[in-house]
Each structure stands twice: as C-alpha cells, then as structure tokens.
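Take a look at the letters that make up each chain.
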Amino acid sequence: TPAPNSTGEPSAEEQYLISGTLTMEVNTSAEEACKDADLEQAVLSAKAKVANVEKSAVTVQCVDGGDSNGRRLQETGNLITWIYQIIVGSEDQAKDIVSLIEAKNETAM
C-alpha cells in the first residue's frame, strides 16, 4: 500500500483523483474575484478541510462564470467557478471524500 511521502501527498505509484466544481456569486467583478489570492486560499483550505487532507493534496483554479460564449450572465450576477482536484492514495479514501463532499453539497442547499 502506498504511503504519503514527506510532503503529505500520496506516492506516484497509486493516486486517485477527485475533481469537481464549485460555483459562487461574488460581490465584485468575476475577474477581480478570480485574482483574489485570499479567496483562492479560503476555497483551497475549505476543500482540504472537508476532505480531511493536507492542503498540498488540493489544487483549485478559478474560472470566470459565464455562458457558453464566455459572456457574463447579467441576470445571475457575477459568477465564478472553482475547479478543484484532490489527490489521495487509496480508492477507499477517494470514495469517502466523494461521500463527504456530496453530503456537504446537500446540506448547503
């Protein structure tokens, strides 16, 4: 069984990737929100906390929300989407994290 290496990430031999998106409405422009390092760290930290993994196992990327042509949706405000990835070292851990995220998403609604 692969064990986490010294950085807290699973070894390269066996890794499982969990990916998803999180869309949020922001009070500033979507472009400004995507450039906000504090917001990025908050999203990354929150995903790591929910998944119960080290922050180094999580990556996030902000995308300006919009329609298929890349235009901002006027009627819904300023939307951004966070694309996240979480890397873990076992299938069971990946399944547990997916269940945790799904449960959090249901309670957030």
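Structure: above.
Residues numbered from 1 in each chain as written. Predicted model: local features only at pLDDT ≥ 70, side-chain atom pairs only at ≥ 80, totals over all residues. Heavy atoms only, no water.

### With respect to helix α2 (residues 37-51)
Compared with an ideal rise of 1.5 Å per residue, which puts 15 residues at 21 Å, α2 spans 21 Å between its outermost C-alpha atoms and is within 8% of the ideal. Those residues of α2 not exposed but buried are V43, L44, K47, A48 and A51. Angular distribution of buried residues about the axis of α2 spans 130°; they occupy a single face of the element. In α2, the exposed positions angled more than 90 degrees off the buried face are occupied by D38 and K49. (Helix = DSSP H or I, 4+ residues; strand = E, 2+ residues; numbered from the N terminus. Expected span 1.5 Å × (residues − 1). Buried < 20%, exposed > 50% of the residue type's maximum accessible area, 1.4 Å probe, protein only. Arc of directions from axis to C-beta.)

### Remarks on the sheet that holds strand β2 (residues 58-64)
Read from one edge of the open sheet, 3 strands run β1-β3-β2, paired in antiparallel fashion. Both outer strands of the open sheet, β1 (16-26) and β2, are each paired with one neighbouring strand and no more. Neighbouring strand axes in the sheet, compared pairwise and without regard to direction, differ in orientation by 20° on average. Across 7 bridges, the pairing between β2 and strand β3 (residues 78-88) is antiparallel. Pairing of V63 across the sheet is with T81, part of β3. On the sheet, α2 packs against β1, β2 and β3 and is oriented at approximately 45° with respect to β3. (Pairing = 2+ DSSP bridges. Axes fitted to C-alpha atoms, helices over the stretch in contact; angles between N-to-C directions. Contact = heavy atoms within 4.5 Å.)

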